[in-house]
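Residues per chain are reported as follows:
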Amino acid sequence: MRLLRQASDLEELACGDGEGRPPLDRALQAYQRSHKALGRTDRLVLGTALYSFARNREVLRAALPAAVPGDGGLLLLGLLDALAADPGDVPHLPEGVAPWLAARDRVAALRVGWLRTLEAAPQTPLGDASPALRAAVEGLFSVPSWWLDRGPWETVGAAVGELARLRRPQQLQLRAQAHRLTQREALEELRREKISVKATLRSPWGIRIDGRHNVLALEVVRRGDLEVQDEGSQLVACACDPKPGERVLDLCAGGGGKTLALAAALQGRGQVVAHDADPRRLEDAKRRARRAGLGNVRIVADRGELDRLGAFDQVLVDAPCSSTGTLRRNPDVAWRWSPTALDRLVALQATILDDAAGRVAPGGTLVYATCSLLEPENGAQTRAFLTRHGDFAPAPLGDRTAHAAFADLPSDADGGLRLRADLPRYGGDGFYLARLRRVR
């Protein structure tokens, strides 16, 4: 109990709402760095308690309406909820723990009630959802009910299906660098290390890891032949499907994960230019490209230099977004945005897309991507872009890609599609993709 009480700042952070708060994973890492005396078990307990509370905070807070964030009690209840601990199985209960254990009965009752409410109305259109239905979604999945108004779902059942999938553990995923080894060769090398692995079923480069492994210590990762990357991010590069000899711009490159995937797919012919509004983020992209031996990556931090490079065959806009599709890894993302903050973010995305449009050569392609669940960032953003830019038209994903990643996923009328978290044969985050061609 003392361990959790000492982490009062983390508990208060997990209870908070709104912008300006550090992501939970970074706050936890900073806390652990500043408390070097924490042993491995303490770190595991703290991380389990914190993330369990963040994933279930609405039901836990509803069960303890008088709880004061900062005394460790909510983290303790999160830990007990994660472990499903029975009081009889916990020897030498610390003083003051019994009330938190008793609160688990209220947690269970709330969950049962909300589940019954949702099970009774799966076909209800979200526009007709009652306050009770909205409260049940918010309580069971710890997401704000306004998501139902700005999400992609038509019915209560559709929303519940995807949000439920985002509560399940996600397997670690890697990407084979296509210029160095194939997916099959990567599987074989990892199996020689006695690691249980499977091929991703949509990405032609992806590997799924079973269980916990320190993959960063593996030689095949250290030498740059494999990169840690979610399958959804890999499929963004698949949507671009660059051809040898093309010039590709990754306009919001960040740390360079998609830059590397694009450069590897070019097999050394052509060039990928990586740019980001924050030049500091490009340092990691530069280091990773050097490690992978990708000589066809050009890092361009200066805006003027980018302007002088002219138009590109393809431009990728992996836009800054709400990251709501990463909910299972980042449960706090649900509470870091308000509708007003989302509107400002959508405006920024539109500005970036307008800039990108002028960098696409006639006949070239613009690929827009987010890891968001929310419609204003996705289909609505694409439709607004096409309205503003009459020289662009939808370019369905199936018209160019040679692999089967999107074979069963037809693009909509605006050239976009959603990689739903509950999509069959898919293990990645929630993503949105759109391909648009400059026709003149």
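Given the structure is predicted, the values throughout are model-derived calculations rather than measurements.

1. As for the confidence of the model for the chain
Consideration 1: When pLDDT is averaged across the chain, the result is 91; 95% of the residues are at 70 or more.
Consideration 2: Below a pLDDT of 50 lies the segment residues 87-93, which in the model reaches four contacts outside its immediate sequence neighbourhood of four places, other chains included.

2. Some thoughts on the sheet that holds strand 4 (residues 226-228)
Consideration 1: Reading across the sheet, the four strands line up as 2-3-1-4 and stay open at both edges, with antiparallel pairing between neighbours. Only two strands of the sheet have a single partner each, and these edge strands are strand 2 (197-199) and strand 4. Averaged over all neighbouring strand pairs, the angle between strand axes comes to 30 degrees, with direction disregarded.
Consideration 2: Here four bridges tie strand 1 (residues 172-176) to strand 3 (residues 206-209), and the two strands are oriented antiparallel to one another. The partner of Leu-174 across the bridge, within strand 3, is Ile-207.

3. Digging into the side chain of Glu-231
Consideration 1: Position of Glu-231 relative to the elements: it lies in helix 13 (residues 231-240).
Consideration 2: Arg-202 is the oppositely charged side chain nearest to the buried, salt-bridge-free Glu-231, at an N-O distance of 5.9 Å.
Consideration 3: At a separation of 3.2 Å, a polar atom in the side chain of Glu-231 contacts the main-chain amide nitrogen of Arg-202.
Consideration 4: Those residues within four positions of Glu-231 in sequence are excluded, and the remaining contacts are Gln-173, Thr-200, Leu-201, Arg-202, Ser-203, Arg-425, Tyr-426, Gly-427 and Gly-428.

4. Section: the pairing of strand 3
Consideration 1: Burial along strand 3 is two-sided: the face carrying Gly-206 and Arg-208 and the face carrying Ile-207 and Ile-209 are both buried.
Consideration 2: In terms of strand pairing, strand 2 meets strand 3 through three bridges, oriented antiparallel. Bridging across to strand 3, Ala-199 finds its partner in Ile-207.
Consideration 3: Counted along the chain from strand 2 to the antiparallel partner strand 3, the turn is six residues long.

5. Thoughts on the environment of Leu-24
Consideration 1: Mapped onto the elements of the fold, Leu-24 is located in helix 3 (residues 24-34).
Consideration 2: Considering only alpha carbons, one finds Leu-24 and Tyr-51, 27 residues apart in sequence, at a separation of 8.5 Å.
Consideration 3: Ignoring anything within four residues of it in the chain, the contact list for Leu-24 reads Leu-13, Ala-14, Leu-50, Tyr-51, Ala-54 and Asp-332.

6. What about helix 6 (residues 73-83)?
Consideration 1: With respect to burial, helix 6 is a largely interior element, eight of its 11 residues being buried.
Consideration 2: Of the residues making up helix 6, those classed as buried are Gly-73, Leu-74, Leu-75, Leu-76, Leu-77, Gly-78, Leu-79 and Leu-80.
Consideration 3: Phi for Ala-84, located one or two positions after helix 6, is positive at around 50 degrees.

7. Regarding the environment of Leu-174
Consideration 1: Within the secondary structure, Leu-174 is located in strand 1.
Consideration 2: Considering only alpha carbons, one finds Leu-174 and Gln-267, 93 residues apart in sequence, at a separation of 19 Å.
Consideration 3: Apart from residues lying up to four places away in sequence, Leu-174 is in contact with Leu-190, Trp-205, Gly-206, Ile-207, Ile-209, Val-215, Leu-226, Glu-227, Val-228, Gln-229 and Gln-234.

8. As for the pairing of strand 6 (residues 271-274)
Consideration 1: The pairing of strand 5 (residues 247-250) with strand 6 spans four bridges and is classified as parallel. Counterpart to Leu-249 in the pairing with strand 6 is Val-273.
Consideration 2: Crossover handedness for the path strand 5 to helix 14 (residues 257-265) to strand 6: right-handed.
Consideration 3: The sheet contact formed by strand 6 and strand 7 (residues 297-299) spans three bridges and is parallel. If you follow Val-273 over to strand 7, its bridge partner there is Arg-298.
Consideration 4: Crossover connection from strand 6 via helix 15 (residues 282-291) to parallel strand 7: handedness right-handed.

Each value, and the rule that gives it
- Along every chain, residues carry numbers that run from 1 in the direction the sequence is written.
- Thresholds applied to this predicted model are a pLDDT of at least 70 for local features of residues and 80 or more for the giving and counting of side-chain atom pairs; totals over whole chains, interfaces and linings are not thresholded and use all residues.
- The side-chain values count all of the structure's non-hydrogen atoms but skip hydrogen atoms and water molecules.
- A score from 0 to 100, pLDDT tells how confident the predictor is in each residue.
- Pairs of residues are marked as contacts when any of their non-hydrogen atoms sit within 4.5 Å.
- Only strands that DSSP links by at least two bridges are regarded as paired with each other.
- Under the DSSP-based scheme used, a helix requires at least four consecutive residues in state H or I and a strand at least two consecutive residues in state E, with every element numbered from the N terminus.
- Note on definitions: angles span 0 to 180 degrees between N-to-C directions of axes, and those axes are lines fitted to C-alpha atoms, for helices only across the stretch in contact.
- Throughout this description, buried means an accessible area under 20% of the type-specific maximum (1.4 Å probe, protein chains only), exposed means over 50%, and partly exposed covers the range between.
- We score Asp and Glu as negative and Lys and Arg as positive, and we do not count His or the chain ends.
- The rule for a salt bridge is simple: a side-chain nitrogen of Lys or Arg has to be within 4 Å of a carboxyl oxygen of Asp or Glu.
- Any pair of nitrogen or oxygen atoms within 3.5 Å is treated as a polar contact; in protein, a donor-acceptor pairing is required on top of that, and neighbouring residues in sequence qualify only through side-chain atoms on both sides.
- A clockwise path from the first strand over the helix to the second, with the strands pointing away from the viewer, defines a right-handed crossover.

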